[in-house]
Amino acid sequence: MIDDPAPRNQGRFGNLLREALVVAVIGAMAAFLANQLSPRGLKLSRNYFPGGTAPLTAQPARAQNGTNSPLAARLQANGLRLAARARAEQLFQDPRRQHNLVLFVDARDEDDYQQGHIPGAYEFSPYHPEKYLAEVLPLCQFAEQIVVYCTGGDCEASETAALYLKDAGIPADKIWVYGGGITEWTNASFSVERGVRNSGEIQPPPG
Amino acid sequence: MNASPTSALAKVLGVATVLARWTLGAFFVYMGARKALAPVAFLELLREYDLVHNWFALNAIASALPWFEIFCGFLLLAGIAVRGTALLVAAMLAFFTCVVLRRALALETVLAVPFCAVKFDCGCGGGPEFICAKLRENALLLGLAFWLLVGRGRCVLYQWPRRPEPV
């Protein structure tokens, strides 16, 4: 008698699908649990993109400075202002900075901050605000001018951080977003500070 | 006594299968871990694909996907539920390849460069890569996943051929 292979193949395929389904369900549960337990895990209930989930590449290229860029328009729509390099430099040289009346806020993550930030800048990643808010928020309330920056180019952490500070009650008219970010700052040969804030590890401008 | 050509071939296939499973498993563990260590960066890259417009759904995918990849990688390394895992891995790779290709074609138009000169961070875990190299890599991994899927991935560790049963 010849055995018909069709039902046997169907059974094997069914087993394969069942196995994949079991792996998918257990894997998904394990994945969400691991994210919850991870100190770097995402908070599911937090909107990381208060400016909207539309991709940046769907928008025209982000200008490094200048007031006609899409970034400037987005900031303006939220009552914030874009700082060009000259403005950032002017605020950095402002003597009020020594008394925290002019505040620089670095919105990048901890590793990037440690590798080099604008001297005296405070660390404030908008994606982990709970780590920094207790220190940064009172300072921002006290400050007269706040300059928020990130890497520059396509990075949007500075915009997100600025919106976060605004939503936390900081008046929008004292918040500047430095669009060129640390990339433009270092390219312009300004000094940067390595390690923690006021570490004294100042990397002077070349030449 | 000489081994028959059939058993020699089976031995080679056995070694190749275990290596394929370990390679695929290790790759998924490594790439998943890189994303799990920088979940916000992965979230931002994921958003660039413009596939999900709800921030909660985007968070859910970005938080679970890296760990799910690690989970599948470990199953493959350990040889547990290999065919089911290989099916999931193949499905993920096929989907990733399609969306990466779609984005590369869009960038090719925007940047006005030859297709293979398109270089971007696809969020795959390996940083910025040239699209042609990425597609080759994905094709290889898909091949490995299919190899395991057709029933050659079951043995947990490579075993030497058993001694013939006494007659």
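Computed from a predicted structure; not experimentally measured.

### As for the overall build of chain B
Right, so step 1: Regarding its fold elements, chain B presents five helices and two strands.
Right, so step 2: Mapped in sequence order, the helices and strands of chain B form the string α-α-α-α-β-β-α.
Right, so step 3: Within chain B, buried positions represent 34% of all 167 residues.
Right, so step 4: Across chain B, contacts joining residues at least 24 apart in sequence account for 72% of those joining residues at least 6 apart.

### Observations regarding the interface of chain A and chain B
How big an interface is tends to be stated in terms of the accessible area lost upon association of its parts.
Right, so step 1: With 27 residues of chain A in contact, the opposing surface of chain B contributes 28 residues.
Right, so step 2: Tallied by class, residues from the side of chain A that touches chain B come to 18 nonpolar, seven polar and two charged.

### Examining unusual backbone geometry
Residues and elements named next belong to chain B.
Right, so step 1: Phi is positive for Asp50, which is not a glycine, with a value near 55 degrees.
Right, so step 2: Within the secondary structure layout, Asp50 lies in the loop between helix H2 (39–47) and helix H3 (55–78).
Right, so step 3: Backbone geometry at Ala81 places phi at a positive 45 degrees, although glycine is not the residue there.
Right, so step 4: When you line up the elements, Ala81 lands in the loop between H3 and helix H4 (82–111).

### With respect to the packing of H3 of chain B against H4 of chain B
Residues and elements named next belong to chain B.
Right, so step 1: Contact geometry for H3 and H4: axes closest at 9 Å, N-to-C directions at 140 degrees. Classified by chirality, the crossing of H4 by H3 is left-handed. In contact with Cys72, Leu75 and Leu76 of H3, H4 contributes Val82, Thr85, Leu88 and Val89.
Right, so step 2: Residues that form the contact of H3 with H4 fall into these classes: six nonpolar, one polar and no charged.

### Considering the domain arrangement of chain A
Right, so step 1: With domains assigned, chain A is organised as domain 1 (1–46) and domain 2 (61–197).
Right, so step 2: The centre of domain 1 of chain A, based on its C-alpha atoms, is set 44 Å off from the matching centre of domain 2 of chain A.

### With respect to the sheet that holds strand E1 (residues 81–83) of chain A
Residues and elements named next belong to chain A.
Right, so step 1: Read from one edge to the other, the open sheet built from five strands follows the order E1-E5-E4-E2-E3, with strand pairing classed as parallel. With one partner strand each, in any of the chains shown, E1 and strand E3 (122–123) form the two edges of the open sheet.
Right, so step 2: In terms of strand pairing, strand E4 (residues 145–149) meets strand E5 (residues 175–178) through four bridges, oriented parallel. Directly across from Ile146, in E5, lies its bridge partner Ile175.
Right, so step 3: On top of the sheet, helix H6 (residues 157–167) reaches strand E2 (102–106), E4 and E5; it is set at about 170 degrees to E5, its chief contact.

### Considering the pairing of E5 of chain A
All names here are of chain A.
Right, so step 1: Covered by surrounding structure in E5 are Ile175 and Val177 together with Trp176 and Tyr178, the residues of both alternating faces.
Right, so step 2: Inspection of the sheet shows E1 paired to E5 by three bridges, in the parallel sense. Of the residues in E5, the one forming a bridge with Arg81 is Trp176.
Right, so step 3: Between the parallel elements E4 and E5, the chain passes through H6 in a crossover that is right-handed.

### Brief notes about H3 of chain B
For an α-helix, 3.6 residues make a turn, and residues three or four places apart therefore share a direction.
Residues and elements named next belong to chain B.
Right, so step 1: Helix length check: H3 (24 residues) gives 35 Å between terminal C-alpha atoms against 34 Å at 1.5 Å per residue, within 8%.
Right, so step 2: Bending of H3 peaks at approximately 30 degrees at the position of Leu65, with proline Pro66 no more than four residues after it.
Right, so step 3: One or two steps after H3, the chain reaches Gly79, where phi turns positive at roughly 75 degrees.

### Concerning the environment of Leu19 of chain B
Right, so step 1: Residue position: Leu19 of chain B is located in helix H1 (residues 5–37).
Right, so step 2: For the pair formed by Leu19 of chain B and Tyr49 of chain B, sequence separation is 30 residues and the distance between their alpha carbons is 33 Å.

### Some thoughts on the packing of H2 of chain B against H3 of chain B
Residues and elements named next belong to chain B.
Right, so step 1: Interhelical geometry of H2 versus H3 gives an angle of 125 degrees and a closest axis separation of 9 Å. On the basis of the axis angle, H2 is oblique to H3. Judged by the sense of rotation from one axis to the other, the crossing of H2 with H3 is right-handed. For the pair H2 and H3, contact is made by Pro39, Phe42, Leu43, Leu46 and Arg47 and by Leu58, Ile61, Ala62, Ser63 and Pro66, respectively.

What counts as what
- Residues numbered from 1 in each chain as written.
- Chains lettered and ligands numbered in written order.
- Predicted model: local features only at pLDDT ≥ 70, side-chain atom pairs only at ≥ 80, totals over all residues.
- Helix = DSSP H or I, 4+ residues; strand = E, 2+ residues; numbered from the N terminus.
- Buried ≥ 20, exposed ≤ 12 C-beta atoms within 10 Å, placed from the backbone.
- Contact = placed C-beta atoms within 7 Å.
- Nonpolar A, V, L, I, M, F, W, Y, C, P; charged D, E, K, R; others polar.
- Axes fitted to C-alpha atoms, helices over the stretch in contact; angles between N-to-C directions.
- Left-handed = near helix turned anticlockwise from the far one by under 90°.
- Domains from an automatic or database assignment.
- Pairing = 2+ DSSP bridges.
- Right-handed = clockwise from strand over helix to strand, strands pointing away.
- Expected span 1.5 Å × (residues − 1).
- Bend = angle between axes of the 7 residues up to and from the residue.
- Parallel < 35°, antiparallel > 145°, perpendicular 65-115°, else oblique.

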